Structures are given as C-alpha cells and as structure tokens.
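# Working through the structure, step by step
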Amino acid sequence: MSVFLQQLINGLSIGSIYALMAVGYSLVYSILNFSNFAHGGVIMLGAYFGLYALNLLSLPFMGALVVAAFAAGLVAVGLEKIAYSPLRKRNAPSLYFIISAMGASIFLENFVVATIGPTFKTYPEIFSTTPITFGAISVSRIDILMFVIAAISLAILVFIIEKTKVGLAIRACSYSARGSNLMGVNVNRIIFVIFLLGGMLAGVAGMLFGMKYTVYPQIGVITNKSFIAAVFGGLGSLPGAVVGSILLGLIETISAGYIASQYRDLIAFSLLIIVLVVKPSGLMGKITEDKA
Amino acid sequence: MFSWFYIEGILILVGINVMIVLGLSLLTGFTGLFSFGHAGFMAIGAYVAVTCTMQLDVPFYLAILIGGIAAMIASLFIGYFTLNLKGDYFCIATLGFGEAIRLILDNMTIVGGARGLPGIPLDTTLVNVIVIDIIGIMAMAYLIKSRHGRNMIAIREEELASQAIGINVFRYKMESLAISALYAGIGGALWAHYVGFIQPLMFQLTKSTEMTIMVIFGGLGSITGSVVGAFILTFLPELLRELANWRLVFYGAAVIAIMIARPQGMLGGIEITDMFRWIKRTVTGENRRAKAAAEADKEAKTELPGEGGGES
Amino acid sequence: MTDVLKLEQVTKRFGGLTAVGDVTFTIKEGEIFGLIGPNGAGKTTIFNLITAVYTLTEGKISFYGEQIAEADPYGPGFVNGIKRRFAWKPLKPFQIAEKGITRTFQNIRLFKKLTTFENVLTACHRSANYSLFESILPRRIPIINYVLPWSKTLWREETELRKKTEELLKLMGLWDYRDMVAANLPYGLQRKLEIARALALDPKLLLLDEPAAGMNPEETLALMDLIRRIRDDFGLTVLIIEHHMDLIMGLCDKIFVLNFGKALAEGTPAQVQNNPKVVEAYLGSAEEEAKDGEEAGEGDAADA
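The rules we used
Residues numbered from 1 in each chain as written. Chains lettered and ligands numbered in written order. Predicted model: local features only at pLDDT ≥ 70, side-chain atom pairs only at ≥ 80, totals over all residues. Helix = DSSP H or I, 4+ residues; strand = E, 2+ residues; numbered from the N terminus. Rg over C-alpha atoms; globule rule 2.2 N^0.38 Å. Buried ≥ 20, exposed ≤ 12 C-beta atoms within 10 Å, placed from the backbone. Contact = placed C-beta atoms within 7 Å. Pairing = 2+ DSSP bridges. Axes fitted to C-alpha atoms, helices over the stretch in contact; angles between N-to-C directions. Domains from an automatic or database assignment. Nonpolar A, V, L, I, M, F, W, Y, C, P; charged D, E, K, R; others polar.

## Description of the overall build of chain B
Secondary structure summary: chain B contains 13 helices and zero strands in total. Counting from the amino terminus, chain B carries its helices and strands in the arrangement α-α-α-α-α-α-α-α-α-α-α-α-α. Taking 20 Å as the expected radius of gyration for a compact globule of 312 residues, we find that chain B reaches 21 Å, a close match to that expectation. Based on the C-alpha atoms only, the size of chain B along its principal axes is roughly 75 × 50 × 35 Å. Looking at chain B as a whole, 51% of its 312 residues qualify as buried. Put simply, of all contacts in chain B between residues at least 6 apart along the chain, 81% involve residues at least 24 apart.

## A closer look at unusual backbone geometry
Residues and elements named next belong to chain C. The phi torsion at Y64 lies on the positive side, around 50 degrees, for a residue other than glycine. As for its position among the elements, Y64 is in the loop between β4 (58-63) and β5 (66-70). With 16 C-beta atoms counted inside 10 Å, the residue Y64 sits in the partly exposed group. Even without a glycine there, the phi angle at E210 is positive, about 50 degrees. In this fold, E210 is placed in the loop between β7 (205-209) and α9 (217-234). The exposure class assigned to E210 is buried, which follows from the 25 C-beta atoms found within 10 Å.

## Here's the deal with the sheet that holds strand β9 (residues 254-259) of chain C
Residues and elements named next belong to chain C. If you walk across this open sheet you meet the six strands as β6-β7-β8-β3-β9-β10, and the pairing is mixed. Looking at the sheet topology across the chains shown, the edges are occupied by β6 (101-103) and β10 (262-267). Sheet twist, expressed as the mean angle between neighbouring strand axes with direction ignored, is 20 degrees. Where β6 lies against β7, three bridges are found, and the strand directions are parallel. If you follow T102 over to β7, its bridge partner there is L206.

## So, helix α9 (residues 223-233) of chain A
Of all eleven residues in α9(A), eleven are buried, a share of seventy percent or more. Burial in α9(A) covers these residues: T223(A), N224(A), K225(A), S226(A), F227(A), I228(A), A229(A), A230(A), V231(A), F232(A) and G233(A). The elements touched by buried residues of α9(A) are α1 (2-32), α2 (39-55), α10 (238-258) and α11 (264-278) of chain A together with α4 (87-106) and α9 (205-218) of chain B. Just beyond α9(A), the residue with positive phi is G234(A), at close to 110 degrees.

## Here we look at the domain arrangement of chain C
A common measure of how large an interface is: the accessible area buried when the components associate. Residues and elements named next belong to chain C. Considered domain by domain, chain C is made up of domain 1 (3-100 + 202-303) and domain 2 (113-200). Only β7 and α9 provide two or more residues apiece to the side of domain 1 that touches domain 2. Counting residues per element, the side of domain 1 that touches domain 2 draws most heavily on α9, at three residues. The residue inventory of the side of domain 1 that touches domain 2, partitioned by class, reads seven nonpolar, one polar and one charged.

## Some words on the domain arrangement of chain B
Partitioning chain B into structural domains gives domain 1 (4-261) and domain 2 (272-301). On a C-alpha basis, the centres of domain 1 of chain B and domain 2 of chain B stand 37 Å from each other.

## Examining the environment of A93(B)
Along the chain, A93(B) turns up in helix α4. Note: C-alpha distance between A93(B) and G40(B) (53 residues apart in sequence) is 12 Å. Dropping the residues within four chain positions of it, A93(B) is found in contact with L272(A), I273(A), L276(A), T82(B) and L85(B).

Here it is as structure tokens:
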C-alpha cells in the first residue's frame, strides 16, 4: 500500500509538470488548430533561463521562476511573430504551421547547442535533497514544490480564462476565431496573449523539470509526453489537458513501479492508441460533425 | 576532402533518402496526411531485413523486400486504428507509434536492445541503390497517374467531396499509408546494410522530422520535388560541415523561411515532365499563343456579370 | 412510377436545437423535386442527412425501397456507441454515392488545384476496376504487356475513363476549359463542373444544392435547360435546393417548402404558389431572397 501511495505522489508530481506543458500546447491548439511542435523548444529555453537567472543574476528561487516564465513567454510570442503570423495572414493550412513549428524547434535546439553547448548542466541545490517522510512514504521536496507551483500556475490560468475579459475573448476565439473577430475581438491580441501564457507556463515547467533532472538542449523532447497527454484529454480542451497529464503521470509511475521501468513509455504510448480507438476525440474533446 | 569514396557515400545516402522521402511524399504530399511515425517503419524494415540477411541467410534483394513488406504489414495494423482520426490526432498517434516501435526495439535483447546490432553485411552499393530508386520512382509515378493516385489526391483536396463521389476515404488512406511504409521499410533496410550497424536511437522522432522536411522542401505533391529535396538536403549538411554546430541552426531557420516565402516548396505540384512539356511548347511557340488566348479569355470573363465571389 | 427517395419522419437535432423536424416526403422516378425555404430552414441539413454526412436523430430514409439511413436507436454516447455497432451500422457517405446518390455542395467543393478534366476523371473512378498493384506497373511497354497480359487492362480502362470524361465535359460545355485549374474557373462554370463531377458516377438521384447561386438570369435559364436535358439523357431523378424562384417554379414538377425545419407545404408549383402559408412565410420575400441568396449563403440551423 505504501508503495502504491508513493507511486501515486510521484505520479501526481510529474503529471502536474506535464499539465503545465500540455495546457500551453492545448491553448494554442484551441485557437489556431495546429500542433505547436516548437513548444518543446520554449520549455528547454525556460530551463536555461531559470538556470542562468539563478547562477548569473543570483536571484532567489521565486525571482528566477518569474524571470524564466517571462523570458520563455517572450520567446513564444517572438516565435509566433516570426514563424506563424505570416502564415496566419495567408490563411495557410495547418500543415504549414506544423512544419514551421518543426523548423523553429530545430532552430531553438541547435541554437542552444551552438551557443551554450550540448553538455548537461545541473541546477544549484536550492532545496535540501533530504526527503520529507510521512510514515512509510518519503517525498522529495522538489516533488512537492513541483506540484504546488504547477497547481498555483494552473489556478492563475483558470482565473484568467474564466474571470477576466481577456479570458472571455479567449474562450470566444476558441469557438470561432473568425466570428469573434467580427464581434470586435482583436484576434491578434488574443493570439499574443495565448502565446504569452503558454510560453510562461512552458518556462515554469522547464525550470521545474530542469531542477528535478538536468538541463540539456534536447530536454524539449519531453513535450512529446505532453502532446500525448493533451490528446488523451482531448485536443484543445484545457481541463482535458490537465486530466490527461495527471493520468499519464500516474500511469507512468505506476507501470514503472509495478511492471518495469523500461516499459513505462511503451505502456503510455499503447494507452494513447487505445484511448484514441475507443474515443477518437480524447476523453474530453468535443465531437465535431463536418458541415457540408 | 572530396574523394570519390566520400562522394559515393553521400550519393548512397541520397539514394536511401530518396526512397523514404518518396514514400512519405505519397502520404503527405499526395494524400495530405502527416506522419511522425516513419522512423518506426524504417526501423521495422531495417531490423527485419537485417535479421533475414544475418540469421537466415536470405539474399540481399529479397531481404530488403521482406523488410519493406514487414513495415507495410505494421502500417496496416496501425492504420486500421488511427486512420479514422482527424487531423492532428492522427499526427500525434503516429508519433506515439513511432516512439513505441523504438522502445520495443530498445527492450528486445534478441536484436541487441539499446546497444544495437553491429556487423551487418555492407551489401548496399551505389548501383543497387540506383536500381531500387529507379524502380521506386517509376512505380510511384505510375501510381499517381492511376485512379488510385487520383483518389488520394482528391482526398487531399476535399475530403468531403471525395466521399460524395464515392471514394472510400479510409481505404485509400490505408493504401497510401501502406505504400508509404513499404518505401520507408525498404529505405530503412538499405540504410542498415549501408551503415553496417543499427541501434534504436537511429530511429528517433528526429529522423521522421528530417524526412518530412525533405518532402516539404522539395515540394508537396511532386515526385521530382521529393527527389530533388532529398538530394539537396542530404548534400547540403555535408557541404556546410565547416559550420559545425551552426549547421542545424541555419537548417531550422531555412525551414521557417521556406514556409513563409514559398510554402509549396521548391517544386510544389510541378513534375519534371511538366518542365519538358513547357520547354517543348516554348520552342514551338505554343506558350505565347496560349498566353494571348488566356488574356483574351480573362477580358471576356471580366465582362461576365454576376459571377461574384465564392463563399467558402 | 416507383418511389426513388422516401423520407419518413426525418428529424435532426443538434444538441437542443431542432434543425429538421418530422419531415416526410417522397420523390418519384424522373421527377425534378424542389426543396425550398428561407435561409436556415434546414434544407442543406436534409441533403447532409440523405448523403450520410450527418446521422439521423429520428426517422428513416429509403432509396428505391432500400433503407439507407435510420435513426440510431441508442443515440450518441460512449456506452451505447459500442452497442450501436451491433444494432445498425450507418452507411458512410461514399456508400451512399455508390448506391447512386450524388450531390453538389452549396459552397462549391471542387478539387481546386486539379484541372477541370482531372476533376471529372477522378470522379469516374468507379468505372474502372484495376487494382492497386496493377496501377504501379508500367503501361504501354510491349514486352511487359506481353509477359503480363493483365497490365493491359489498366490501359484499356484508363482509355475508357478518359473517353467518358470527354463526353461528359462536352455535354456540360466544359470541354474548352479542360486544362484550366478548377479554382480559376468562373463561378458559374465551377457550379457546372460540380454537376459534371456528380454525373460521372452515373447516379440515379442527383442532389443539387443551389446550383444557380451566383449566376445571372441568362445563365440561370441555360442551367434550367441543362438540368432538364441531364434528367432526360441520363434518366435521372433530381432533388434541387434553390433560391431563384423562377428556376424553381419553371423547372420543378413538385415542390416541398420548409420553414424552421418543419414542413410548410408540398405540391406542384401552382399549388405552392397559391398556398397562403407559403406566401406569408416565404414567397412574400422571395425577390429579396433571390437577391441575397448568393452572398448570404444559407445560415444553416447547424451554425447556431
């Protein structure tokens, strides 16, 4: 039982990081309807920003987190301006967006390789590594931190989307960007906000992820997991992305704990296929009927 | 630096990539489906063919074919479950599939697991790559000009309208995926017999992405473009070797630049046969006449009232 | 005369919204049947139901006595979705086309990057029968044709397809535009090309969704003649949605009027024209409708 609880907690913590990534990805998907494969690059940069904010600017942890979030947010917005907005103006099919995103992802990854180098870097030890024990269960401090920060970030996001005027506009755009535009919503501004929010969440996720493991240019590959989590939950649905991510985290840690850790990813991918076969639009995705 | 041995090596790589890119071109350029699982098909082709040549002493050409067919069978399986999915769901599902193949191979100790499989006979030569490429290109060109190819193109253009004219969308997507996987499997098998060593790491997602970028760069919906794309993008990194790490930075930037400046790729929808025809027509002066006729037609068209803009 | 298409208590709901409610009508063989109604009345929804783009909420549809669509007895939903597979497997749109119902679309859906010829050639695919494997074999290479005799079937069938395409294009007056890319055709010709493409499958029932939208009066008149000629030459039955009242009144044998998804009236053009309900709900504004029909399109109830 205690092993199970242990896995549960680990799963929640890693799942919450997936959620941060998946929500950013889903946000973009809900409005622009394409898979932003450059999201991994932004997450990777977030990890580096956090690292340098701690090391070079010697900021406190929270300060570094904010810096990482904003810097990553700006990168995401910049990417949108350079790589996507020309396509958007031309009403290009989503295929082109995806390819542009892939190019951006290659660019970001190799830019870091070329400038900083391909070596692994580790975060300085901010929090003590001795785990907190509750009876038989021991939880590392970083896991708790990850969960708490992810929960707070998501809560802020939910607040923005549900309670503010910008959030209302975002929701409207996700129904119909064109319709919202006709109703006087400045879609360009909304897309700016979307990328900023998604990028900020990516920055937070990158920094937390880098703290738990290490930082290296290919760290963005981890976003594949968040794509899968988002598809689990239903593309474009934010609650779906969160639920899917938490589920994925739990499935991963539990299968690693009970079956074998090398089959962890395999099980996750197989489950993805099964979910899609049974429910092609994910757990919470909306079913759309083509209009002729 | 540019010894013949070196150039021959690159040309073989070009030939191998042409094969894979052709297959992917059918799927992406002609059918409009996006796959991130082609590295998985390559891996299946490579491992099956290598098992055939190394363990079962199957002749090289037959082993290559078996590798391709194995990839095709895998594609039928994966296609059955995923081809009904819409848009990006399919894309992510293939991504999951490609990674799953790699992870399975990672854990299969019988084929070397994550450490890989060395000592593969180096049977791939420039000559047999060229022969296989020519067969591949011809078969693809014929396919595109047949009703099967036309139905795939129709699906790319307007899925709903294709259904309305009785095209079984699922079936033709499946055909496209299967042929595409066959090419990828053959390409993977050739690659394994060229490098002499395979390991699952060689078939990561980045490999799929690389192939997709070649297709896009060469031009969607063009066989000539795919060949040219594979040629240039295999050679270019070798020429840019001096730039070392900055190479891929430029590569990424170039992909974005292409999407912004010329999204149809270098030769989107244009075939080399079209160019020949164009040259022939220019020589005979037919182009000039056609242009004049088109202009006259345009004038006539502007006089037509009530043609209005289309609603979309 | 036999019944070609029969709609019985057909209902389609999108969530709480009833796009089509309890519609019943029968189309006899050889008829040109008009389906009219104000914007958003659910006309295109009926087309989508017939061609299986949408599934029925209630009722059933039969074609030459054979049931082609039935309401899903279990309704949508995950658990029932599995049960449904055993109960009634709805036909897919392509199967409807195979049975002999083809259609055009209100917002033209041509294969835009292909030429006029290729558009129709693609649609002729059901007249050929060669396999995928045959299609990758070299053609017109005597040695191969001699060794593999079936490689000739492809060439023979392809030639037939081309001949058929040529005939169709000539009939529709599109032959001169055969090498033009569909997207560059004038609007009226695009509509004609869509009809040609639908005819390529040798349908028994042709569904036309606002074929005259965006045409001037002369073109509309020519289109009326064309539709009549097609009906006679191909032995077709035609179901037509249109806002141009002169076209509908001059062309149709029978008219069905929809309003807010419900049946309003049915009968010959004269009966419908004199029906006070129709006059009040629809024909009173018919001239306006005809005018803005082309730019407004049908704000189908499904949009809401």
